[in-house]
Every structure is written in structure tokens, then in C-alpha cells.
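Secondary and tertiary structure notes
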Amino acid sequence: MRHLQKSTYTSMPWKNGGGVTTEIIVHPANASMADFDWRISMANVAQDGPFSIFPGIDRTLCILQGNGMSLGIDAHAPVALTTESDPLPFAADVPVDAVLTDGPIVDLNVMSRRGHYAHCVERHRGALTVHSTVSTVTLIFATDPVSVSSTGETMHLQPRDSLLLEPGAGFAVNGGEGNGRFFVVMFDQV
């Protein structure tokens, strides 16, 4: 298990220059915005506007904080997202326009290079036990304080900390008092 503390994340401008993104982890390590295989980041969105275009990339978006936003994806009817919404997967290489509901938000972005990796993002609350994973990579992202046990070790995550698990490892997450919220992100080679 590798504990990724929020204090060690890297902030950088959005690809389109419209805001700031905080990179949690990228694969391969030190990959650029143009050549990553997969990437997990957070973004502070303070105004309406277009998303950056990432050719050949699939993306999943989740709202972590704020009153939400609506996304117009590839000229389709807007989709409303809040902190209670299921993670929303969509292609990152089509036009996407964001309209904030009421004030700024913080979102969680998960991206993978189509044809190389596929990803899945699940939102959970309370406790979860997974006996084994077939994923190449599994990452736990804490929204609230949670404890994660795997291979005889236990790590305590603070809000917005992450934990990277070895391929195939089973794990148990305890959200304390049944209320702790967290995301499970899995990447598989295709």
C-alpha cells in the first residue's frame, strides 16, 4: 500500500488555462498531459466555461465539494451533478461546457487512455470489503476520514488522502460510524 497525502499532490494550470488542477497521481510517473496512460486529479472550478479537450481519453467526473454543476456534453442535454450524484463517465475528446449551480465547486477527475486502459469509479459510504481485485491498479480516495486494511496493514486516511493498492490485493474500508465517504478507482489494461 502506498499512502498519498493531500499535502504532496502537485498543482498546475488546466490544459486550457482556465483554472487549476491538483494532480493526485499519474501513470507513468512524471507523464505529461499529452502522454499519460491514466491520471487522477482534483479541480477547483470557480466559473462557467469549457472543459479541456484530451484526444483519445475517457474521463469520469465526481463532485467533491460545492453545490454542483451541469455539464453539456457534445451538445446533448445538460447533466446535473452534485456531491450525491453517481460518478459520470464521458469521452474527454468531445466539447464539454460546465455551468456552476451556485458558486464554486471542487471535482474529482479520473482519466484513462482509450485502447490502453479502462477505468471504473465507485462512490461508497460506510464500509466496504473486496476480497481480491483483478485490476492493474486500485486507488481509494477518502472524502471523509477512513481506515483501509490490506495484506495485514491498516492505513488511516484523512479527507482527500489516497491509498494506492497492489494489483490483486483485497482490501477493507471502514468509514467509522458507518458515515465515512470514499471513492474506489480501478484501472485495467485492455
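This text goes with the structure placed above it.
Computed from a predicted model, the values in this text were never measured in an experiment.

Another point: the nonpolar core. Nonpolar side chains tend toward joint burial in soluble globular proteins. Ile24, Ile40 and Leu108 are the most contacted members of the largest nonpolar core, which totals 21 residues. When residues of this core are traced back to their parent elements, those giving at least two are strand 3 (20-27), strand 4 (38-45), strand 6 (57-65), strand 11 (105-113), strand 12 (117-125), strand 14 (137-142) and strand 19 (181-189). Beyond its immediate sequence surroundings of up to four residues, Leu108 is in contact with Ile24, Ile40, Ser41, Met42, Thr60, Leu61, Cys62, Leu64, Phe141 and Phe183.

A water-sized probe, rolled over the atoms, reveals where empty space remains. Evaluation of the coordinates by the stated rule reveals two cavities of 30 Å³ or more. There is about 210 Å³ of room inside the largest cavity. If you go around the largest cavity, you meet 19 residues; those closest to its centre are Trp14, Ala43, Ser52, Arg59 and Asn109. The set of elements that each furnish at least two residues to the lining of the largest cavity consists of strand 4, strand 5 (49-50) and strand 11. Per-element accounting of the lining of the largest cavity gives the leading share, four residues, to strand 4. In this structure, the second largest cavity occupies an estimated 80 Å³ of space. Listing elements by their share of the lining of the second largest cavity, those giving two or more residues are strand 6, strand 12 and strand 19. Residue composition of the lining of the second largest cavity, grouped by class: four nonpolar, two polar and four charged.

As a further point, take the sheet that holds strand 11. Hydrogen bonds between backbone groups are what pair the strands of a sheet, and the pairing can be parallel or antiparallel. Overall, antiparallel pairing links the six strands, which are arranged 2-3-4-11-6-9 in an open sheet. One side of each edge strand has no neighbouring strand; the edge strands of this open sheet are strand 2 (10-13) and strand 9 (88-91). With strand direction ignored, the average angle separating the axes of adjacent strands in the sheet is 30°.

Strand order in the open sheet made by the four strands is 13-18-15-16, with antiparallel pairing throughout. One side of each edge strand has no neighbouring strand; the edge strands of this open sheet are strand 13 (127-130) and strand 16 (153-157). With direction set aside, neighbouring strand axes in the sheet form an average angle of 15°. In this sheet, strand 18 (residues 171-174) lies alongside strand 15 (residues 146-150) in antiparallel orientation, the contact comprising three bridges. Each residue of the ladder has a partner; that of Val148, found in strand 18, is Val173.

Right, let's talk about the packing of aromatic side chains for a bit. Going through the model one piece at a time under the given rule, you end up with four aromatic pairs. Ring plane angle 20° and centroid distance 4.4 Å describe the contact between Trp38 and Phe187, whose orientation is recorded as stacked. Here the residue Trp38 occupies a position in strand 4, and Phe187 occupies one in strand 19, the gap between them amounting to 149 residues. Just as Trp38 is buried, Phe187 falls in that class too. With centroids separated by 6.5 Å and ring planes inclined at 50°, the aromatic side chains of Phe141 and Phe183 adopt a geometry described as tilted. With Phe141 in strand 14 and Phe183 in strand 19, this residue pair connects regions lying 42 residues apart in the sequence. Considered together, Phe141 and Phe183 belong to a single accessibility category, that of buried residues. Here the basic side chain of Arg113 rests over the ring of Phe36, its NZ or CZ set 5.4 Å away from the ring centre.

Examined against the element boundaries, Val137 turns out to sit in strand 14. Judged by its relative accessible area of 12%, Val137 is buried. Excluding residues that lie within four positions of it along the chain, Val137 makes contacts with Trp38, Leu164, Val185, Met186 and Phe187.

With that settled, consider the layout of surface pockets. Within this model, the largest pocket holds a volume of roughly 280 Å³. Along its surface, the largest pocket is lined by 16 residues, and Arg2, Glu23, Ile24, Ile25 and Val26 are the ones closest to its centre. With five residues, strand 3 is the single largest residue contributor to the lining of the largest pocket.

The rules behind these values
- Residues numbered from 1 in each chain as written.
- Predicted model: local features only at pLDDT ≥ 70, side-chain atom pairs only at ≥ 80, totals over all residues.
- Heavy atoms only, no water.
- Core = buried A, V, L, I, M, F, W, Y, C linked by side-chain atoms within 4.5 Å.
- Buried < 20%, exposed > 50% of the residue type's maximum accessible area, 1.4 Å probe, protein only.
- Helix = DSSP H or I, 4+ residues; strand = E, 2+ residues; numbered from the N terminus.
- Contact = heavy atoms within 4.5 Å.
- 1 Å grid on protein atoms, 1.4 Å probe; cavity = no way out; pocket = protein on both sides within 12 Å on 5 of 7 lines; lining within 4 Å.
- Points joined across faces, edges and corners; volume = space filled by probe spheres on them.
- Nonpolar A, V, L, I, M, F, W, Y, C, P; charged D, E, K, R; others polar.
- Pairing = 2+ DSSP bridges.
- Axes fitted to C-alpha atoms, helices over the stretch in contact; angles between N-to-C directions.
- Phe/Tyr/Trp six-rings, centres within 6.5 Å; stacked < 30°, edge-to-face > 60°.
- Lys NZ or Arg CZ within 6 Å of the ring centre and 35° of its normal.

On their own, these measurements won't tell you what the molecule is for.
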